[in-house]
Amino acid sequence: MKKMITLIVLIASAMTMQAQKFALLDMDYILKNIPAYERANEQLSQVSKKWQAEVEALQTEAQTMYKDYQKEVVFLSQEQKKARQDAIMEKEREASELKKKYFGPEGELFKKRTALMTPIQEEIYNAVSEIADNRGYQLVLDRASDSGIIFGSPKVDISSEVLNRLGYGK
């Protein structure tokens, strides 16, 4: 019985799929051929390295403070120990907060990536949408994503057409 139901569902799906037109595109290929995307990635990489260096500098400072504390702990009074421990913990907290500020889910890197990439993504989306409307595609799949597409005929790949529409064609 289960096999029969599965077979009916597969046949029904196949029949509805025949009526629909679809296309594929390779988003990686498109993005690699858009100079603005490469420039945006380079900017993000540079700012990320700069911010990472700032975070690492604070972490290194905290480690140095801890090592110095370890060397001098036997000579310190209870008040001095407490003051040093608090200073070390404060430095570690600063490093952690800075890391969260720059690299957290709503951090500066996320905001910068959004600001740089959104216009490029919208431009691509508009080009894809226009091509899909003109040709009557109900579905456009990205073969570069991890969607499980094993084979796609070059006849249904619109990547080059999208690049041409964006003005980056060859």
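The structure under discussion appears in the preceding block.
A short tour of the structure in this document, coming up. Here the structure is a predicted model, which means the values were calculated and not measured.

The secondary structure content of the protein chain amounts to 6 helices and 2 strands. Per-residue burial for the protein chain yields a buried fraction of 22% across its 170 residues. In the protein chain, the share of contacts with a sequence separation of at least 24, taken over all contacts with a separation of at least 6, comes to 76%. As presented, the protein chain carries roughly 12,300 Å² of accessible surface, and 56% of it is formed by carbon and sulfur atoms.

We now examine the nonpolar core. Core analysis: the largest hydrophobic core is formed by 28 residues, its most contacted members being I30, I34, I120, I124, I158 and V162. Going through the elements one at a time, β1 (22–25), α2 (27–32), α3 (35–72), α4 (78–103), α5 (108–135) and α6 (159–166) are the ones with two or more residues in this core. Sort the elements by how many residues they give to this core and α5 lands first, with 8 residues.

This part takes up α5. If you check α5, its first and last C-alpha atoms are 40 Å apart, about what 28 residues at 1.5 Å a residue would give, namely 40 Å. The largest bend along α5 measures about 35 degrees and falls at M117, with the proline P119 one to four residues further on. Three or more residues of α5 are buried, namely L109, M117, I120, I124, A127, V128, I131 and A132. Where α5 is buried, its residues touch β1, α2, α3, α4, β2 (139–142) and α6. Looking one or two residues beyond α5, the residue adopting positive phi is G136, at roughly 80 degrees.

Below, the discussion takes up α3. Three- or four-residue spacings in an α-helix give side chains the same orientation, since the helix completes a turn every 3.6 residues. The end-to-end C-alpha distance of α3, which contains 38 residues, comes to 55 Å, matching closely the 56 Å that a straight helix rising 1.5 Å per residue would cover. Turning to α3, its buried residues are Y37, A40, L44, V47, W51, V55, L58, A62 and Y69. Contacts from the buried residues of α3 go to α2, α4 and α5.

A few words now on the side chain of K91. Within the secondary structure, K91 is located in helix α4. A residue is classified by how much of its surface remains accessible, and K91, at 14% relative accessible area, is buried. There is a polar contact of 3.1 Å between the side chain of K91 and the side chain of E61. In contact with K91, not counting residues within four places along its chain, are L58, E61, A62 and M65.

Calculation notes
- Sequence positions are assigned chain by chain, starting from 1 and proceeding in written order.
- At least 70 in pLDDT is required for a residue's local features to be given in this predicted model, at least 80 for side-chain atom pairs to be given and counted, and no such filter applies to totals for whole chains, interfaces and linings, which use all residues.
- Hydrogens and water are ignored here; the side-chain numbers use all heavy atoms of the structure.
- Segments assigned H or I by DSSP are reported as helices when at least four residues long, segments assigned E as strands when at least two residues long, and all are numbered from the N terminus.
- Burial classes follow relative accessibility: with a 1.4 Å probe on protein chains only, a residue under 20% of its type's maximum area counts as buried, one over 50% as exposed, and anything between as partly exposed.
- Working rule for contacts: check all heavy atoms of both residues, and any pair within 4.5 Å makes them a contact.
- In these tables, accessible area is a Shrake-Rupley quantity obtained with a 1.4 Å probe, and a residue counts as shielded only by the protein chains included in the view.
- Within this scheme, the nonpolar core is defined by two criteria: the residues are buried Ala, Val, Leu, Ile, Met, Phe, Trp, Tyr or Cys, and they are joined through side-chain atoms within 4.5 Å.
- How far a helix is expected to stretch is found by multiplying one less than its residue total by 1.5 Å.
- Bend angle per residue: angle between axes fitted to the 7 residues ending at that residue and the 7 residues starting there.
- Side-chain atoms alone can form a polar contact between residues adjacent in sequence; in general such a contact is a pair of N or O atoms within 3.5 Å, and within protein one must be able to donate a hydrogen while the other accepts it.

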